[in-house]
Amino acid sequence: MTYQAPLIASALFWILVASALILRPRWAIVCALLILQIDMSGPGFDSVSSVGFENVIKIILLPAILLWRIGWKPAPFSQWPRMAKLWMALVAYALIATAWSHYPLSALKMIGYLFCSTMLFIVFRFAWSSGWITPRTLLALAWCAIAMAIVQTYLLDNTFGTIDERFTEFSDAQGFAAFLLCVLALLLCAGSSGIFTRITELAIMVSILLTGSRYVFSSMIALFIVASFLKIVSRRKSFNLRVFATRVLTGALPVLLLLGAITWYFPSNRIQELFSFASASDATLEDIGTLAWRMRIYQETYDQLMSRGPLRLLLGSGTSSGGDIKLTMSSDADEGLDPNRTMHDEFLRCLYEWGAIGLFLFVAVLLQATRISLRALKVRRSWQAAAFLGILPAILFSLTVENVLANSAGPAGAGYMLVLTSLISSVSLNAPRVNAAIPCQMPSVYLQPSR
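Here is a short report on the structure shown in this document. Predicted model only: the values in this text are computed from it and were never measured.

Digging into the overall build of the protein
Next up, step 1: The number of helices and strands found in the protein is 17 helices and two strands.
Next up, step 2: For the protein, buried positions account for 54% of its 451 residues.
Next up, step 3: Taking all contacts inside the protein whose residues are at least 6 apart in sequence as the whole, residues at least 24 apart take part in 75%.

In structure tokens form, the structure reads like this:
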């Protein structure tokens, strides 16, 4: 039957929404994390002229309800830390920039995505600080995501796997792979050596390879290198290159063996395509279809930016105006156009839509988060900081090839937010006066974790 997967996804979505409303906040947040694994847009959704009811629940209503259930109360603006002020300044400017956007409905959606990120940040940070998210929770989330992917890919019609028949859950394969990578980083850096944890990490690596996500695969290699380096530095006073190389090779060996097996059994896998490109002397970017397409988008964006005057370079062309790029490249691109998922580079998006002001604020937020992680690693050898630095290459990769800001309520957004909030919660708990998160005041009843 056609579109079995979206029907099952819809049923699962509503079951989890009902569970999130009636269960205790601790388990409601776990249900929310599973809800974020489900893409309710479905095939052929017209993003320019309509709004999905399920997406309104997922992006706005559910995070707002969770905020209310944990008893969040905003602190005075003067007490907000620098990262919070920079982020909210970016959101405020994006809201102002909707005034000169050509796509008012898409611009409104983009503001919803940004507010969703803000609300999920507060909720997940509180969950980490309260002990509601633990390594056991991460293990359960990983297996639930993998189980959904097995069902969607092999037992249903694999609608979400697109024409490439990629291994994924009820969402896009890129986001699914990014979420698994974030869980893998947290499990690796948390230091658990249990057999079930090791099996889960192996299952995650296999799943990432099966998704065929090239940037996540490259980021997984970088994660092993960074994690090995940070582990050695945290345990030894001096850096030993031989020990470091041994650890990296030991960690990379399972990945290389899995890659060889997948190359043998799945010769059409997208990662195999990447290695074929790297090994062929006469290969061109056209041999990696999506990369060549992205490069054409980047070139068109660059050409339009170079033709702008100083004022438009400063202010940008309006929130969600990136849809103009695709319309310029193809006259029939308005069919199925999603202006919020056109650019595939968040740095270019910020400069194109929000100008130099937006790009400055966005880069400042990233630099502030990186500074916090480096300080936490240096001062306290924080494993949460190691996890964040381990996926930092993935974050930077995704920001240059994906539409991360518009996927705040997707698997990738949930994964990155989990790692970031684990870092911020550890900073808040260990140094209350250096609170790097959006400050909030909690009633005393919520200071003890709910079991």
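Side note on unusual backbone geometry
Glycine aside, residues mostly have negative phi, and peptide bonds are mostly found in the trans state.
Next up, step 1: Of note, the phi angle at serine 320 is positive, near 70 degrees, even though the residue is not glycine.
Next up, step 2: Mapped onto the fold, serine 320 is located in the loop between helix H13 (310–315) and helix H14 (323–329).

Details of the side chain of serine 426
Next up, step 1: Take serine 426: it is sitting in helix H17 (residues 411–430).
Next up, step 2: A polar contact of 2.6 Å, which involves the side chain of serine 426, links it to the backbone oxygen of leucine 423.
Next up, step 3: Leaving out residues up to four positions away in the same chain, serine 426 has contacts with Arg380, Ser382 and Gln384.

A closer look at the packing of aromatic side chains
Next up, step 1: Using the criterion set out here, one finds eleven aromatic pairs in the structure.
Next up, step 2: Centroid distance phenylalanine 347 to phenylalanine 362: 5.6 Å. Interplanar angle 65 degrees. Geometry classified as edge-to-face.
Next up, step 3: Taking relative accessible area as the criterion, phenylalanine 362 reaches 5% and is therefore assigned buried.
Next up, step 4: Members of the aromatic cluster, connected to one another through ring pairs, are Phe13, Trp14 and Phe53.
Next up, step 5: A cation sits over an aromatic face here: lysine 85 above phenylalanine 77, 5.3 Å from the ring centre.
Next up, step 6: Sitting over the ring of tyrosine 352, arginine 308 keeps its end group 4.1 Å from the ring centre.

Reading the values: the criteria
Within each chain, residue numbers correspond to sequence positions counted from 1 in written order. With pLDDT at 70 or above as the cut-off, local features in this predicted model cover only qualifying residues; side-chain atom pairs require 80 or more to be listed or tallied, and sums for whole chains, interfaces and linings still use all residues. As a rule here, side-chain values come from all non-hydrogen atoms in the structure, and water together with hydrogens is ignored. Secondary structure elements follow DSSP: runs of H or I no shorter than four residues count as helices, runs of E no shorter than two count as strands, and numbering proceeds from the N terminus. Exposure is judged per residue with a 1.4 Å probe applied to protein chains only, and the accessible area is read against the type maximum: over 50% gives exposed, under 20% gives buried, and values in between give partly exposed. It only takes one pair of heavy atoms within 4.5 Å for two residues to be counted as in contact. Counting of polar contacts relies on pairs of N or O atoms within 3.5 Å, with two restrictions inside protein: one atom must be capable of donating a hydrogen and the other of accepting it, and residues adjacent in sequence are counted only when both atoms are side-chain atoms. Note on aromatic contacts: the rings of Phe and Tyr and the six-membered ring of Trp form a pair at centre separations within 6.5 Å, being stacked when their planes are under 30 degrees apart, edge-to-face when over 60 apart, and tilted otherwise. The rule is short: NZ of Lys or CZ of Arg within 6 Å of the ring centre and within 35 degrees of the ring normal puts a charge over the ring.

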